[in-house]
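These are the residues of each chain, in order.
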Amino acid sequence: MADISVKESAPKWKFPFKIKIENRVDNPPRWLSPVLSLAAVVIALLIGALVIWIAGGDPWAAYTHIAKYSLGSWGVLSDTMVKAIPLMLVGLACSIAFRMKLWNIGAEGQFFLGAFGASMVVLLPVLPMEAPKWQFILVSAGFGMFFGALWGFVPGFLKARYNVNEIISTLMMNYIAIEWNNYFIYGVWSESGFQMSRMFQRNAWLPRLSDLAKRWPFFGGLTTHFGIVFAVVAALILWWVLSKSRWGYEIRLIGDNPRAAEYAGISIKKNIVLVMIVSGALAGLAGASEIMGVVHRLQGAISPGYGYTGIIIAWLAKLNPLAVILASILFGALILAGREVQPSGIPTLIQGLIMVFLIASDFFYRNRVRITRKVED
Amino acid sequence: MDLILILASGIATGTVLLYATVGEIFSERSGILNLGVEGMMLIGAMAAYRAAAATNSAWMGLLVAMLAAGLVSQIHAFITITLQADQVISGLALNFLATGISLVLGEGLTSLRDVVPQLPKFSIPGLSQIPWLGGIFFYNHSIMVYIGYLFIPLTWYFINRTRPGLHLRAVGEYPAAADTLGIRVYFTRYLYVFVGGLLAGLAGATISLSISPGWFGGLTTAGQGWIAIGLVIFAQWNPYRAAFGGFTFGALRRLVLDLQGPALIFGLSNPFHYNIHYGFFLKMIPYIFTVVFLVIGSSQANRKRIGTPAALGLPYIRGQRGL
């Protein structure tokens, strides 16, 4: 190389820096992970803007629209929280499973079965029509969790017993869940041939903030419902379980190093089934709270892909249950106000971009990039 | 309930699964699990439809579809091979991204129905006269079906009997050893992820330009990409078994649709005919069967101790110990 450059008449411009990538040996600084996540979200939004612009839209108008109609007033903020509630619960469902490197992408189906279980309480009926509200809250949440857990148990059992890949089986269970619900929506519980069940009676609804409007007029028209209590309590419990309890330690150990876990006498098979049950129950609770708090009847279109968005939320939150709450609000805003953005695929695209850049940004977490000035020798 | 008709349309819809499955086999044989098949198929279906409408040529649509999906697959390749990220989560991300792209760019395509050209359909003279088999395999099929017949043995031969196929398997089984022999591990992996993308795009184009023409947003593929990934495990990374699985699956999907028709089955009254809502249970069958296929495939693989490429899902880092 050296003698060629001598022959050249003009000195060739050379890139003056050396970029070196090396594995991080020490623990990365605490601020690095949130900064990288934020950077990933910002880059994703920028590229999303570019796509909107190419598609002939106005990216600034689209984003201000999303911000205004998701966080701009107490009313829309409350609606954002309504979208965030199921997202928190499915985000938690994904987080606990992913922590064990158990790829439950069946939260969508578990959500549907949770909705089915909660509807059953009213429509079968499990409780009499005029049962008190607190009974409906407890029993429908319980039924939702049970059916969600059942839907999680099947792939968990198949994985533990027959080593069946849980990614495919949970996904297939999603499709089966939709058809299962359809049978009841179109057939058994159909209200005079319409593709939905009857509206639930009011005492089966989850309480809303607007129910408090009589005493405090401020809450008038606010739709945020009791499900938020489920979500926040679940997040706190899960945080404690994962970071403080013995079981959480087992889950983390299996996720990080299954061989070490096995030598330590931890049963991987038992934990696969248990974690799938808990994960399914959380997603089922999401479905139950959505049905009892928002939809108030069993029908087909109850989810704009909550279960799949939960995967991204879990990843954005770095599988930390408390961070799931924040990430869910962000995605709740995107889903709520993104509905009116044209072209209609934009919110899905932005979700995809966020996820891609998040994963790519992990590289900078694991590796240190050194840029040094080149020294001529 | 014409059995020949059901099997014939099983071959047609199974062809889609065949291409997608074999594409994933290539990718996984090189050690890269790509869960983005569904998304890449959607990209393929959308790009094929859009390009065929713009150029008025179905073949142009097919070509654009393959390149588009191949290009998208390289995102996954970059993230997993160069950035060494987890392959499962990256594949899921690719799915979201590709679905988003195809929904954005597919906006308004549904209305183009009758103007988009389709790939040709024809019968093979002579062969289609064979009783039974002719009607199933060679009568009034899309050209993609016939290409599929040639494709199966060719890919098997390529993977198992040629030098590049040997390199492919080496990279997927023991990349460190392959590297010492001078096989370019990173390049090989990029290449076969690209091949997987091309074939997923081809599968998508086969849907939108031939098997069930049209663009219906996310419903165009209806989970077939995921079924294909399941079939790879059932097929134990072998194109022949992939073809068998794909065609069986196609026939099953068709059988499910036809079961509601007759009032009597084998002289018994058909419950699916009298209560149309039971049809929802019929629609579950393909998905239930995917799980059943997985159980069969997994337990066979466990017994025979063959199948899964040893380095599947693991990043290769030069100079590090281990696989």
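From a predicted model like this one, the values you see are computed outputs, not experimental measurements.

## Side note on the environment of Ile291(A)
Residue and element names in this part refer to chain A.
Turning to step 1, where the next piece is worked out: Looking at the element boundaries, Ile-291 is found in helix H11 (residues 268-295).
Turning to step 2, where the next piece is worked out: In the structure, Ile-291 is positioned 194 residues away from Ala-97 in sequence and 24 Å away in space, judged by C-alpha atoms.
Turning to step 3, where the next piece is worked out: Each residue touching Ile-291, except ones within four places of it in the same chain, is listed here: Ala-115, Ser-119, Phe-200, His-296, Arg-297, Leu-298 and Ile-302.

## What to know about empty space enclosed by the protein
Residue and element names in this part refer to chain B.
Turning to step 1, where the next piece is worked out: Evaluated as defined, the whole model comprises one cavity of 30 Å³ or more.
Turning to step 2, where the next piece is worked out: Of the volumes computed, that of the largest cavity is approximately 40 Å³.
Turning to step 3, where the next piece is worked out: Lining of the largest cavity is provided by Ala-20, Gly-23, Glu-24, Ser-27, Asn-34, Val-37, Met-40, Val-193, Gly-196, Gly-197 and Ala-200.
Turning to step 4, where the next piece is worked out: The set of elements that each furnish at least two residues to the lining of the largest cavity consists of helix H1 (3-29), helix H2 (37-55) and helix H9 (185-211).
Turning to step 5, where the next piece is worked out: Here the residues of the lining of the largest cavity sort into five nonpolar, five polar and one charged.

## As for a nonpolar patch on the surface
Residue and element names in this part refer to chain A.
Turning to step 1, where the next piece is worked out: A contiguous nonpolar surface patch, about 850 Å² in accessible area, is contributed by Trp-13, Phe-15, Phe-17, Ile-19, Ile-21, Phe-364, Val-369 and Ile-371.
Turning to step 2, where the next piece is worked out: Elements with a minimum of two residues in the nonpolar patch: strand S1 (17-23) and strand S2 (367-373).
Turning to step 3, where the next piece is worked out: If you tally residues by element for the nonpolar patch, the top one is S1, at three residues.

## With respect to a positive patch on the surface
Residue and element names in this part refer to chain A.
Turning to step 1, where the next piece is worked out: A contiguous patch of positive charge on the surface is contributed by Lys-14, Lys-18, Lys-20 and Lys-374.
Turning to step 2, where the next piece is worked out: Within the element layout of this structure, Lys-374 appears in the segment after S2.
Turning to step 3, where the next piece is worked out: Taking the relative accessible area as the measure of exposure, Lys-374 reaches 39% and is therefore partly exposed.

The rules we used
Counting from 1, residues in each chain are numbered in the order their sequence is written. A letter from A marks each chain and a number from 1 marks each ligand, given out in the order of writing. Totals for whole chains, interfaces and linings use every residue, but because this is a predicted model, local features are given only for residues with pLDDT of at least 70 and side-chain atom pairs only at 80 or more, for both listing and counting. Hydrogens and waters are ignored; side-chain quantities use all the structure's heavy atoms. Strands are runs of DSSP state E lasting at least two residues, helices are runs of H or I lasting at least four, and both sets are numbered from the N terminus onward. The contact criterion used throughout is that any non-hydrogen atoms of two residues lie within 4.5 Å. The distinction between a cavity and a pocket rests on a 1 Å grid over the protein atoms alone: a 1.4 Å probe fits inside a cavity but cannot get out, while a pocket stays open yet meets protein on both sides within 12 Å along at least five of seven lines, and a residue with an atom within 4 Å of a point counts as lining. Grid points are joined across faces, edges and corners, and a volume is the space filled by probe spheres set on the points. Nonpolar residues are Ala, Val, Leu, Ile, Met, Phe, Trp, Tyr, Cys and Pro. Charged residues are Asp, Glu, Lys and Arg, and all others, Gly as well, are polar. What goes into a patch is any residue over 30% in relative accessible area without a salt bridge, connected to like charges within 9 Å or, for nonpolar side chains (Val, Leu, Ile, Met, Phe, Trp, Tyr), within 5 Å. The Shrake-Rupley method, run with a 1.4 Å probe sphere, supplies the accessible areas, and residue values consider only the shown protein chains as cover. The term salt bridge refers to a pairing of a side-chain nitrogen on Lys or Arg with a carboxyl oxygen on Asp or Glu at a separation within 4 Å. By the counting rule applied here, Lys and Arg register as positive and Asp and Glu as negative, while His and the ends of each chain are not counted. Charge positions come from single atoms, namely NZ of Lys, CZ of Arg, CG of Asp or CD of Glu. Exposed residues in this analysis have more than 50% of their type's maximum accessible area, buried residues have under 20%, and partly exposed residues fall in between, with area computed by a 1.4 Å probe over protein chains only.

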